Structure formats: structure tokens, C-alpha cells
Amino acid sequence: MILIPLVLIVVISAVDMLAPPEVHLGPLLVAAPAITASFAGPRTTLAVGAAAVVAQGFVAAVRTTIVDLNHSVQIAALVLISLLVAFFARLRERHERQLRQLRSVAEATQAVVQRPLPARMGPLRIASVYLAAEAEAQIGGDLYAAVRTRHGSRFLVGDVRGKGLEAIGEASLALGAFRTAAYRQVDLPRLIAHLEKAVFGDPDGPDPPEIGADSSDSVDAESFITAVVLDIPDVEPVIHLVDCGHPPPLLLRDGRVVPLESRQPAPPLGLMGLGPAEAQVESFAFREGDLVLLYTDGVIEARNSSGNFYPLTERLGFGPSDDPRALLRSLCQDLLAHAGGSLGDDAAMVAIRRETAGASDG
């Protein structure tokens, strides 16, 4: 690309020397260092600026004299502008270096916090996807995790209210607490209570307040996490779940889509003190060949140019039900097309399909 400003210097200088005496094209030479600063560093920019100054001096010597007032002013202005654009090139380089460092940190954070889910857990085939609303973002407030136990598999999908580092921190706490407690195979109500205390309170402190207790000191209405936690046994064709204010999972069976809506959903994490003392577990049939989709509200709240929400339930019924990865690939393409190529909020999806009953990955 360095040829572009150099050719520009040659062309402008040649035309300037051939132009009538009253026509001066020298001021156009400032375009050469300005263009160079957009893609090169300060040294290269200064070198191109020096070349432009030399060219301007040569033109002055050919047309009149180098000490001519008009050309002297043009040369001085060209030197000043070359120094300025070189300074801005230096700032741009520094900014790009900082962005690369931030991107590297974000990628490392994603690898540690939002670990990719395995493709297989026991009799389950699994696929997951995370769509960031920001083009440069690697991780946000949406979260998902899976833990293998002796008798089955457990899943968490959630959405932290808000954005930025605080949301990422709460997502990290929730994921760490889930992986620790789920592996110990505590029952789902105790698992939910553990997540509540780990993220929003002292893990070694008292249990969440009972119904009717004054929770004004323990509940921060500005911070909470909607979540759904699933327990899928290997040999029993069933899903046990607790829904904490999250959009209900969607069950795809024989081309039909059925929302797994809880009759008694729990409040979001961070607001558990406003609900029952213990979260209620609900069970749904999950037979061989069934597929369940977990998702965050960034999916169903994506709008098109007309302001219409993404019809996930309708579109899910047209997707492939025998391959979770192919299903998510199809849904992502359709979702982004619906939203015009970019989302207003982060979105995450996890697809789980039950294969041969009783199979195990050991």
C-alpha cells in the first residue's frame, strides 16, 4: 500500500510543474502522509512526508525558486502537517496494541470462564453457541455449563442482568459455583440455594431467608441472574428442572415444539428471598430421539426491521432434530438474518438430544 502515496507524490508533482503559473497543486501533497498514517506507523509516515517535502522543493526550484514566498509557505505547512499525522499514527499504533492485548485477555477469559461443552455426555449429544452483541466481544453476561455425574448430566443456562465487567464477574461466580456443587450431586433445590449464596451472598453464611422474612438487606433488586438448571439421568427418560425466572426450555419431539413451562418457577438468583424457601423441581418426559433447546432472552428478543421479535418456537420446528450442531447452525443463520446481521443483546443456545437409552461415556 505504500506505493499509493508515493505514486500520488509523483503524479501531483508532475502535474504541478506542467500547470500554468497561476495554478499551484503543491498543497495536495499533504494527502500522501495523511493516507500513509491510516495504515502505517509514524516512521513510515515521516518518510513519506519527507518525500513530499523534497518533491515540493523540486517543484519550487523548477517553477520559480525554493525561497519563493508561496512555495516556502507550502513547504512549511507540509512539514507541520507531516509531523502532526505522524503523531496521530503513533497514537493509532498504541491504541491498536491495547486492543490486541484486550482481545487476548478476553480470549483467555473465555477459555477459563465459558468452557466449550463436550459433544457427548452419556446418552446425550450436545451443541452450544454464544453470539456476542458486540463485534469484538468474546464473553458477556450470558452463561452455560454442563457437569457429568455418576448417574447423569446436569446443565445450567443463565443470563446476568446488565453488561460489562460486573456481569462477567457474576457469570464467572455462577459457573464456578455450579460446577463445584453439581459435581457433588447435591439435589437441585440445594444446588440453587448454593448458587444464590455463592454469587450474591456469603457461601458460608446463613441459608436464604424464609417466606415473609425481611430480605431488604440481602436482596439487591439491581442485580440478578435468570437461570434454568436441568438434571438428565442416563437411564430414566426424564428431565428434572428448576426454572429461576428464565425463558422455558423448548422440547422438540416428532416435529412438534413444546415449552417446558414450570408451574411454580422460582425467582431469579439474587432475588430468591422474594420467593419460596426452596425451589420447586419439575419433571418432564425426555425420551430417545427427543431434543431440548436451552437459550437466553437475547434469542427471543432479537427484533427485525419491523420491530418483530424472533419467533424461536416456530423456527425451531423447521430445524433438523437429529443433529444438535446442525440445528444450532441453522438457528444462528436464521436469527442473524432476522436481526439484520447484528444482535441487540448477547445470545446463547444449548441443544441436547437423547440418543440410545442407557448409553454411557464412563
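Right above here is the structure, for reference.
None of the values given here were measured: they were computed from a predicted structure.

Draft legend 1. Broad picture of the overall build of the protein chain. For the protein chain, the helix and strand inventory stands at 9 helices and 11 strands. A burial count over the protein chain gives 46% of its 362 residues as buried.

Draft legend 2. Looking closely at the packing of helix 1 (residues 3–18) against helix 3 (residues 42–63). Taken N-terminus to C-terminus, the directions of helix 1 and helix 3 make an angle of 10°; their axes are 10 Å apart at the nearest point. When the axis of helix 1 is compared with that of helix 3, the two are roughly parallel. Where helix 1 abuts helix 3, its residues P5, I9, S13, D16 and M17 lie against V48, A51, A52, A55, F58, V59, V62 and R63. Classifying every residue of the contact of helix 1 with helix 3 gives 10 nonpolar, 1 polar and 2 charged.

Draft legend 3. Focus on the pairing of strand 8 (residues 256–259). As defined by bridge partners, strand 7 (residues 250–253) adjoins strand 8 across 4 bridges and the pair is classed as antiparallel. Counterpart to L250 in the pairing with strand 8 is P259. Linking strand 7 back to strand 8 in an antiparallel pair, the connection comprises 2 residues, with D254 at a positive phi of about 55°.

Draft legend 4. Spotlight on helix 6 (residues 188–200). Taking 1.5 Å per residue as the helical rise, helix 6 with its 13 residues ought to reach 18 Å, and the 18 Å between its terminal C-alpha atoms agrees with that figure. Buried within helix 6 we find L188, P189, L191, I192, L195, E196, K197, A198 and V199. Sitting at the amino-terminal end of helix 6 is D187, which places a side-chain oxygen 2.9 Å from the backbone nitrogen of R190.

Draft legend 5. Quick look at the side chain of H246. When you line up the elements, H246 lands in the loop between strand 6 (238–244) and strand 7. In this structure H246 comes out as buried when scored by relative accessible area, which is 5%. Not counting residues up to four positions away in its chain, the partners in contact with H246 are V157, G158, D159, T226, A227, V228, Y295 and T296.

Draft legend 6. Up close: the pattern of salt bridges. Within the structure shown, the criterion is met by 10 salt bridges. Note that R263 and E282 form a salt bridge whose closest N and O atoms lie 3.6 Å from each other. Residue R263 is located in the loop between strand 8 and strand 9 (282–285), and its partner E282 is located in strand 9; the two are separated by 19 residues in the primary sequence. You can call R263 exposed: its relative accessible area is 73%. On the basis of relative accessibility, which here comes to 5%, the residue E282 falls in the buried class. Put simply, R125, D323, R353 and E355 are held in one network by salt bridges that share partners.

Draft legend 7. A look at the sheet that holds strand 5 (residues 225–233). The strand order across the open sheet formed by 5 strands is 3-4-5-6-9, and the pairing between neighbours is antiparallel. Sheet topology places strand 3 (142–148) and strand 9 at the edges, where each strand pairs with a single neighbour. Pairwise comparison of adjacent strand axes, ignoring direction, gives a mean angle of 20° for this sheet. Packed on one face of the sheet, helix 6 meets strand 4 (152–160), strand 5 and strand 6 and runs near 145° to strand 5.

Draft legend 8. Seen up close, unusual backbone geometry. With a phi close to 55°, D254 is a non-glycine residue in the positive phi region. Tracing the backbone shows D254 in the loop between strand 7 and strand 8.

Draft legend 9. Looking closely at the environment of G319. Tracing the backbone through its elements, the reader meets G319 in the loop between helix 8 (312–316) and helix 9 (324–338). Overall, G319 belongs to the buried group, its relative accessible area being 14%. Residues G319 and L252 lie 67 residues apart in sequence; the distance between their C-alpha atoms is 9.5 Å.

Draft legend 10. Seen up close, the sheet that holds strand 11 (residues 347–354). Here we have 6 strands laid out as an open sheet, ordered 1-2-11-10-7-8, and antiparallel in their pairing. At either margin of the open sheet sits one strand with a lone partner, and together these are strand 1 (120–121) and strand 8. The pairing of strand 10 (residues 291–295) with strand 11 spans 5 bridges and is classified as antiparallel. Within strand 11, the position partnered with L293 by the bridge is A351. Running over the sheet, helix 9 touches strand 2 (124–131), strand 10 and strand 11 and is turned about 25° from strand 2.

Draft legend 11. Here's a closer look at the nonpolar core. L143, F178, L191, I192, L195, V229 and L269 are the most contacted members of the largest nonpolar core, which totals 29 residues. Contributions of two or more residues to this core are made by strand 3, strand 4, helix 5 (164–183), helix 6, strand 5 and strand 6. Sort the elements by how many residues they give to this core and helix 5 lands first, with 8 residues. Residues contacting V229, with those up to four places away along its chain left out, are F155, L156, F178, L188, L191, I192, L195, H240, L241 and V242. Counting residues in each nonpolar core, the second largest holds 24 residues, with A127, L252, L316 and L343 among its members.

Draft legend 12. Region of the structure containing a nonpolar patch on the surface. A surface patch of nonpolar side chains, amounting to about 490 Å² of accessible area, comprises I2, L3, L6, V7, V11 and V15. With respect to the helices, strands and loops of the structure, L6 is situated in helix 1.

Draft legend 13. A look at the pairing of strand 11. Within strand 11, 8 of the 8 residues are buried, leaving the element largely enclosed by the surrounding structure. Neither face of strand 11 is exposed, since A347, M349, A351 and R353 on one face and A348, V350, I352 and R354 on the opposite face are all buried. Across 8 bridges, the pairing between strand 2 and strand 11 is antiparallel. Bridge pairing links Y130 to A348 in strand 11.

So, how was this worked out
- Residues numbered from 1 in each chain as written.
- Predicted model: local features only at pLDDT ≥ 70, side-chain atom pairs only at ≥ 80, totals over all residues.
- Heavy atoms only, no water.
- Helix = DSSP H or I, 4+ residues; strand = E, 2+ residues; numbered from the N terminus.
- Buried < 20%, exposed > 50% of the residue type's maximum accessible area, 1.4 Å probe, protein only.
- Axes fitted to C-alpha atoms, helices over the stretch in contact; angles between N-to-C directions.
- Parallel < 35°, antiparallel > 145°, perpendicular 65-115°, else oblique.
- Contact = heavy atoms within 4.5 Å.
- Nonpolar A, V, L, I, M, F, W, Y, C, P; charged D, E, K, R; others polar.
- Pairing = 2+ DSSP bridges.
- Expected span 1.5 Å × (residues − 1).
- Polar contact = N/O pair within 3.5 Å; in protein donor to acceptor, adjacent residues only side chain to side chain.
- Salt bridge = Lys/Arg side-chain N within 4 Å of Asp/Glu carboxyl O.
- Core = buried A, V, L, I, M, F, W, Y, C linked by side-chain atoms within 4.5 Å.
- Patch = residues over 30% accessible without salt bridge, like charges linked within 9 Å, V, L, I, M, F, W, Y side chains within 5 Å.
- Areas by Shrake-Rupley, 256 points an atom, 1.4 Å probe, with all protein chains shown as cover.

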